[in-house]
Amino acid sequence: MADENKANESVSESKVGVYICYCGGNISDHVDVEKVCERVKKVPGVAVARTNMFMCSDPGQELIMEDLRSGAVDRVVVASCAPDLHETTFRSAITRAGGNPYIYEHANIREQVSWVHHGNVATDKATRLVGAATAKAKQLKPLDPIRVEAKQHATVIGGGIAGMRAAKDLAARGFPVTLIEKSPFLGGRGAQLDRVAPTGEKVADLISELAGEIINDSAITVYTCSKVKDFEGFVGNFTLRFEKQPPQSAEDRNKIKEMSESGKGVGEFIPFVGVCPTEIPETSAEFAIETGVIILATGFKPYVPAQGEYGFGEFEEVITLPEFIRTLAESGKNGNVLEVNGRKIKSVAMIHCVGSRQIPGVHKEDETGHLNEYCSRTCCSATLHAANIIRETYPETRVFDFYRDIRTYGRGQEELYEQAAKNKVLFFRFEEAQAPVVERNGGSHGYPLSVKTKDILTFGEEVEVPVDLVVLAVGMEPNDISDLVDMMKLPVGADRFLLEVHPKLRPVELAVMGIMLAGTCQAPFDITESSAAASGAAVKAAALLSRGYVELDPFVAEVDLEKCTGTGACVQACLREGALRLVEMEVGGEKAMRAQVNPAVCTGCGACVAVCPENAINVKGWTLKQYEAMVDMIVSEESAA
Amino acid sequence: MALVDPEFTEELERFGVDTTLECFNCGTCAAICPLIYEHFPRKMIRYAQLGAKDRILENSDDLWRCLHCGLCTHTCPREANPGELILGLRRFVIANWRGTANV
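Definitions and cut-offs
- Residues numbered from 1 in each chain as written.
- Chains lettered and ligands numbered in written order.
- Predicted model: local features only at pLDDT ≥ 70, side-chain atom pairs only at ≥ 80, totals over all residues.
- Helix = DSSP H or I, 4+ residues; strand = E, 2+ residues; numbered from the N terminus.
- Buried ≥ 20, exposed ≤ 12 C-beta atoms within 10 Å, placed from the backbone.
- Contact = placed C-beta atoms within 7 Å.
- Nonpolar A, V, L, I, M, F, W, Y, C, P; charged D, E, K, R; others polar.
- Pairing = 2+ DSSP bridges.
- Axes fitted to C-alpha atoms, helices over the stretch in contact; angles between N-to-C directions.
- Domains from an automatic or database assignment.
- Expected span 1.5 Å × (residues − 1).
- Core = buried A, V, L, I, M, F, W, Y, C linked by C-beta atoms within 7 Å.
- Right-handed = clockwise from strand over helix to strand, strands pointing away.
- pLDDT = per-residue confidence, 0-100.
- Left-handed = near helix turned anticlockwise from the far one by under 90°.
- Arc of directions from axis to C-beta.

1. Considering the overall build of chain A
Looking only at helices and strands, one finds 17 helices and 34 strands in chain A. Seen through its C-alpha atoms, chain A measures out along the principal axes to roughly 100 × 60 × 40 Å. Taking all 641 residues of chain A together, the buried fraction comes to 46%. In chain A, of all internal contacts separated by at least 6 residues, the share reaching a separation of at least 24 is 71%.

2. Remarks on the interface of chain B and chain A
Between chain B and chain A, the residue contacts involve 13 residues of the former and 15 residues of the latter. Secondary structure elements with two or more residues in the side of chain B that touches chain A: strand E1 (2-3) and helix H3 (42-50) of chain B. Take the side of chain B that touches chain A: its biggest share by element is four residues, from H3 of chain B. In the side of chain B that touches chain A, the residues fall into eight nonpolar, three polar and two charged. As defined by bridge partners, strand E26 (residues 461-467) of chain A adjoins E1 of chain B across two bridges and the pair is classed as parallel.

3. Section: the sheet that holds strand E1 (residues 16-21) of chain A
All names here are of chain A. If you walk across this open sheet you meet the four strands as E2-E1-E3-E4, and the pairing is parallel. In this open sheet, the two strands that pair with only one neighbour each are strand E2 (46-52) and strand E4 (104-108). For this sheet the average axis-to-axis angle between neighbouring strands, irrespective of direction, equals 15°. As defined by bridge partners, E1 adjoins strand E3 (residues 75-80) across five bridges and the pair is classed as parallel. Paired with Tyr 19 across the bridge in E3 is Val 78. Helix H2 (residues 33-40) contacts E1 and E2 of the sheet and is inclined by roughly 175° relative to E2.

4. As for the domain arrangement of chain A
Assigned domains within chain A: domain 1 (1-143), domain 2 (154-299 + 479-550), domain 3 (309-476) and domain 4 (556-619). Look at where the C-alpha atoms of domain 1 of chain A and domain 2 of chain A centre, and you get two points 48 Å apart.

5. Comments concerning helix H11 (residues 379-393) of chain A
Between its first and last C-alpha atoms H11 of chain A spans 21 Å; for 15 residues at 1.5 Å apiece the expected length is 21 Å, and the two agree. Of all 15 residues making up H11 of chain A, 13 are buried, and the element is well covered by its neighbours.

6. Remarks on the nonpolar core
Residue and element names in this part refer to chain A. Counting residues in each nonpolar core, the largest one holds 164 residues, and the members touching the most others are Ala 166, Ile 295, Val 470, Ala 518 and Ala 537. The contact partners of Ile 295, leaving out residues within four places of it in the chain, are Ala 154, Val 156, Ala 166, Met 516, Ala 518, Ala 537, Ala 538 and Ala 541. Membership of the second largest hydrophobic core comes to 44 residues, among which are Ile 20, Ile 94, Val 130 and Ala 137.

7. So, the pairing of strand E33 (residues 590-597) of chain A
All names here are of chain A. Relative to E33, strand E32 (residues 580-587) runs antiparallel, the two sharing eight bridges. Residue Glu 586 lies in a different strand from E33, and its bridge partner there is Lys 591. The antiparallel hairpin formed by E32 and E33 contains two residues in its connecting segment, where Gly 588 sits at a positive phi of about 55°.

8. A look at the pairing of E3 of chain A
Residues and elements named next belong to chain A. Across the six residues that make up E3, a large majority, six, are buried. Every second residue of E3 is oriented toward a common face, with Arg 75, Val 77 and Ala 79 on one face and Val 76, Val 78 and Ser 80 on the other, all of them buried. Taken together, the five bridges between E3 and E4 define a ladder with parallel strand orientation. Looking at E4, one finds that Ala 79 is bridged to Ala 107. Between the parallel elements E3 and E4, the chain passes through helix H4 (residues 83-96) in a crossover that is right-handed.

9. Considerations on the sheet that holds strand E10 (residues 220-223) of chain A
Residues and elements named next belong to chain A. Here five strands make up an open sheet; going across it, the order is E10-E7-E6-E16-E29 and the pairing parallel. The sheet is open, and its two borders are formed by E10 and strand E29 (515-517), each paired with just one other strand. Put simply, the sheet's adjacent strands are angled 20° from each other on average, direction ignored. As paired strands, strand E6 (residues 154-157) and strand E16 (residues 293-296) are joined by four bridges and run parallel to one another. Bridge pairing in E16 links Thr 155 to Ile 294.

10. Let's talk about the confidence of the model for chain A
Looking at chain A as a whole, the pLDDT averages 93, with 97% of positions reaching at least 70. Under a pLDDT of 50 for its full length, residues 1-7 of chain A has, in the predicted model, zero contacts with residues more than four places off or in other chains.

11. Here's the deal with the packing of helix H7 (residues 161-172) of chain A against helix H14 (residues 527-546) of chain A
Residues and elements named next belong to chain A. In the contact formed by H7 and H14, the axes pass within 8 Å of each other and the chain directions differ by 35°. H14 is crossed by H7, and the crossing has right-handed handedness. Counting all contacts with H7, which are made through Ile 161, Ala 162, Arg 165, Ala 166, Asp 169 and Leu 170, the residues of H14 involved are Ile 527, Ser 530, Ser 531, Ala 533, Ala 534, Ser 535, Ala 537, Ala 538, Ala 541 and Ala 542. When the residues that make up the contact of H7 with H14 are grouped by side-chain class, the tally is eleven nonpolar, three polar and two charged.

12. Here's the deal with the confidence of the model for chain B
Any region with low pLDDT has predicted coordinates that should not be read closely. Residue and element names in this part refer to chain B. In this model, chain B carries an average pLDDT of 90, and 96% of its residues clear a pLDDT of 70 or more. When pLDDT is averaged over each element of chain B, helix H5 (residues 71-75) comes out on top at 96 and E1 at the bottom at 86. The ipTM assigned to the predicted complex is 0.92, against a pTM of 0.81.

13. Observations concerning H2 of chain A
All names here are of chain A. For H2, the set of buried residues is Val 33, Val 36, Arg 39 and Val 40. Seen along its axis, H2 keeps its buried residues to an arc of 125°; they face one direction. Packing partners of the buried residues in H2 comprise E1, E2 and helix H6 (120-139).

14. Remarks on unusual backbone geometry
In this structure, the amide linkage connecting Ala 197 of chain A to the following residue, Pro 198 of chain A, adopts the cis form with an omega of -5°. Between Phe 40 of chain B and Pro 41 of chain B the backbone carries a cis peptide bond, its omega angle lying at 0°. Within the fold, Pro 41 of chain B resides in the loop between helix H2 (28-32) and H3. Despite not being glycine, Cys 225 of chain A has its phi angle at roughly 50°, a positive value. Assessed through the 22 C-beta atoms surrounding it within 10 Å, Cys 225 of chain A is described here as buried.

15. Things to note about the environment of Gly 187 of chain A
All names here are of chain A. Tracing the backbone shows Gly 187 in the loop between strand E7 (177-180) and strand E8 (195-196). Sequence separation between Gly 187 and Ala 569 is 382 residues, and the spatial gap between their C-alpha atoms is 50 Å. Residues contacting Gly 187, with those up to four places away along its chain left out, are Gly 160, Ile 207, Ala 211, Gly 274 and Val 275.

16. Quick look at the packing of H11 of chain A against helix H12 (residues 414-422) of chain A
Residues and elements named next belong to chain A. Where H11 meets H12, the axes come as close as 9 Å, and the angle between the chain directions of the two elements is 35°. Judged by the sense of rotation from one axis to the other, the crossing of H11 with H12 is left-handed. The segment H11 lies against H12, with Ser 381, Leu 384, His 385, Ala 387 and Asn 388 engaging Leu 416, Tyr 417, Gln 419 and Ala 420. Here the residues of the contact of H11 with H12 are counted per class, giving five nonpolar, four polar and no charged.

Below you can see the structure in the form of structure tokens.
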């Protein structure tokens, strides 16, 4: 009781400053700001109440700072827009005035009042919200951010171009990096290309250079044939356990076979395979690393058309664009007509948007019930690039291009489209609901297949194109990383790609602090964009590590040991593994079990607060007492105008 | 059904047309054409691109509507020479009537 009295005493001594914003009319057009100010002045504990046209402006912030410096106030309430925008602005103003940033409370009288209510009721509601914030502010205590040491080490998962780029950038910044790749090779999907649009560079050169830098960098440790088995910890202090195993998948074994057939060895680029950085393991081994940040670069896989989709799987003359890129690269030039497996190809159809931009009710879901409703972004350029190579290398091979829309976005890519038109590629445009149909050619033209479509460019007429080969421009799907998603509790979008914190302002970070995104695990990207994302993620990771510690908001659970009786209800209710546990400690000369919080892991959700029968646990900055004070003030007559 | 004939553009070269596939279907020619007749001349050019001979022969009357004003050729952004293309198609059609198109 004595303690509570003392607490009440300090509450009654709090000097609250209330600062109410006009928001240039956004608030004051509907809320009588001066009236709110006059009413709030009567609330007990309010030392100062002021208004300003824009409280977030420099003069507005100066009002607050001046009152803090002069000692007129020691708690701050700002009534303005949603806290999302300016809570940090005002916290930092308090810090600059020498105060603790957590003696601050925010009242949202724009989104929650002036934008949705009008007239007297708006002014009344604003008064109640500001009153409630004031009541809470009186009880606020200075808090310190939680400081966690950050292990000076980074881990990159995925050894494609994005993963290698991120690993190299972090190593260049001075951090030791572990690169974990599940296949025996570096290079990822990029290694399965030939020349890349729009510059025409050979991926062999790009990947040889990057993989060479990775292999030769003593700060980077590469583990191929390795899969993450277990993950625990928190930002700055993750523990990853992974297993290195002899390759088992058919895809890996095929590539190893290709490597031995190519006569090339460790460290050399093998076309359409990648770079094998170390010997392939013959026995399994487990590893554990402690790491400060994790960059996910788990990549994509090309869409595999359904059986019968545009004749795929039915006719051997129907292949995907990745297959065609390899075929084209490996077929030696033998005259002016492209030859595939000894067959002369005089006419090629290329069909866009296969497995991309699928529409519910038009396209069929895959076996897991998914549709790829997004644009894969890279296939238009890749298709036209391939079409140009055909036309420029084999002038007697004609290309017929079937598209829904052409999206050759990005520097130097629209030019590919123009070049294709100049190369006399003939375009056909189809509606999504009337996709081209690929059939065995019954006619006497000597072409094995025909593609039929209702062509918008021919004024909606049905056209039939006899062809030797159909190439399907398949889209991208994220690799299946459901094990990592479960382990790390990663947010996944409706499109199954990983979901960043903010699509525009924080595009390489995940909601799980300390885990970043690089490349096509996030969305369909080309190599340029993947590298940019990877470098961005590396910089974010380096910024986080280079301070040596991480500061987290202090809004986490706190146990009142005088009240805790060790029921363990909180531990059972806790949603975050490792955030709460019962530990043995001395209580009044005897050993007893009591709850203990790991503040670095606790997310401050409050599930524990709700179940404690003794009211012995609270979330700092959001205590039950503070809530009660807010509710009391909302319903009190004092703030009722 | 318009059957596409990949070899038709080469056939047309014999009639003095070598710009068939330059056209990218923008429709500027049809917009500037003083005939303001359906999609003339774009539609005929599209048929030529496809090699849809049946369509060209079915609609051959349209080819003689052309006034030779040259506006389409003048404005074509691809320099596909639509006016000359129409004249070439006339030669192709006449050859067909005579039964000498493939001679």
